[in-house]
Amino acid sequence: NHIQPHALQTIVRVQYDGNNKAVMLDAVTVKNLELVVSQYETNKKYSLLWVLDTTVTALWARLFKDILLHPIQDIQTLQERQQHILHYTQRSWDAKHIQETLRHMVDLPKIISTLLYKKTTPMWFGKLRYALGIVYKNAEIYDALRGLHLSEEVLQQWKWLYDMLDAMLKYEWLND
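Residues numbered from 1 in each chain as written. Predicted model: local features only at pLDDT ≥ 70, side-chain atom pairs only at ≥ 80, totals over all residues. Heavy atoms only, no water.

Below, the discussion takes up the overall build of the protein. Counting its regular elements, the protein contains 9 helices and 0 strands. Relative to its 176 residues, the protein shows a buried fraction of 26%. Accessible area of the protein: about 13,200 Å², with a carbon and sulfur share of 59%. (Helix = DSSP H or I, 4+ residues; strand = E, 2+ residues; numbered from the N terminus. Buried < 20%, exposed > 50% of the residue type's maximum accessible area, 1.4 Å probe, protein only. Areas by Shrake-Rupley, 256 points an atom, 1.4 Å probe, with all protein chains shown as cover.)

Turning to unusual backbone geometry, a few remarks are in order. The phi dihedral of Glu34 falls on the positive side, at around 55°, and the residue is not glycine. Along the polypeptide, Glu34 turns up in the loop between α1 (27-32) and α2 (48-52). On the basis of relative accessibility, which here comes to 25%, the residue Glu34 falls in the partly exposed class.

Attention now goes to the packing of helix α6 (residues 108-117) against helix α7 (residues 122-136). One way to put it is that α6 packs onto α7 with a least axis distance of 10 Å and a crossing angle of 150°. With respect to their mutual orientation, α6 and α7 come out roughly antiparallel. Crossing of α6 over α7 shows left-handed handedness. On α7, the residues touching Leu108, Ile111, Thr114 and Leu115 of α6 are Trp124, Phe125, Lys127, Leu128 and Ala131. A breakdown of the residues in the contact of α6 with α7 according to their chemical character gives 7 nonpolar, 1 polar and 1 charged. (Axes fitted to C-alpha atoms, helices over the stretch in contact; angles between N-to-C directions. Parallel < 35°, antiparallel > 145°, perpendicular 65-115°, else oblique. Left-handed = near helix turned anticlockwise from the far one by under 90°. Contact = heavy atoms within 4.5 Å. Nonpolar A, V, L, I, M, F, W, Y, C, P; charged D, E, K, R; others polar.)

Let's shift gears to the packing of aromatic side chains. Applying the stated criterion across every chain yields a total of 1 aromatic pair. Centroid distance Tyr46 to Trp50: 5.0 Å. Interplanar angle 65°. Geometry classified as edge-to-face. Since its relative accessible area comes to 42%, Tyr46 is described here as partly exposed. The ring of Trp124 is capped by Lys127, whose NZ or CZ atom sits 4.5 Å from the centre of that ring. (Phe/Tyr/Trp six-rings, centres within 6.5 Å; stacked < 30°, edge-to-face > 60°. Lys NZ or Arg CZ within 6 Å of the ring centre and 35° of its normal.)

In this model helix α3 (residues 58-69) runs 17 Å from its N-terminal to its C-terminal C-alpha over 12 residues, within 8% of the 16 Å that 1.5 Å per residue would give. Restricting attention to buried positions, one finds in α3 the residues Leu59, Leu68 and Leu69. Looking at the buried residues of α3, the elements they touch are α1, α2 and α6. The backbone nitrogen of Trp60 has a side-chain oxygen 3.2 Å away, supplied by the residue at the start of α3, namely Thr57. (Expected span 1.5 Å × (residues − 1). Polar contact = N/O pair within 3.5 Å; in protein donor to acceptor, adjacent residues only side chain to side chain.)

The full count for this structure, using the stated rule, is 3 salt bridges. Among the salt bridges present, the one from Lys44 reaches Asp53, with a minimum N-O distance of 3.7 Å. By relative accessible area, which is 39% here, Lys44 ends up partly exposed. The class for Asp53 is buried, based on a relative accessible area of 18%. (Salt bridge = Lys/Arg side-chain N within 4 Å of Asp/Glu carboxyl O.)

Below, the discussion takes up a nonpolar patch on the surface. Where nonpolar side chains cluster on the molecular surface, the patch consists of Tyr40, Tyr46, Leu48, Trp50, Val51 and Leu52 and spans about 660 Å² of accessible area. Here Tyr40 lies in the loop between α1 and α2. (Patch = residues over 30% accessible without salt bridge, like charges linked within 9 Å, V, L, I, M, F, W, Y side chains within 5 Å.)

Don't take any of this as a statement about function, it's just geometry.
The following block contains the structure:
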């Protein structure tokens, strides 16, 4: 009471993120560790993200940044991730093949937001089908997604969506 005699007016709401799977990093820590912005350059250049990011699509670049800003603390998940890193480090040709295949993949979140919030055309459904088709026509990519802890249920829902889009677009084009 004698240290802070008045009520704090600047703190409106305290919120706790109860996600125990990730380490919580505050803004000062992120800044001091230069995870996404270099203090020297005051931009991405020379940050840890800049050094490590070799992603080839916007989707994976956002995911990688999220992984960097929310490091996992679950030992089992961390060990599984390390095994995947070791696997693709030892088989760099596999990693390169997956990277080259994904280079042609369109940005799924962008497509979905366009479908949800903008006037859509069959072209956008075709792009979504194309992106999902890349996953299902390439066993290495499918296995890599399973390695990212996407549940079999989610992957099956994606497959169902791909099959539905494929049937819908074939029907649409047959009736044109």
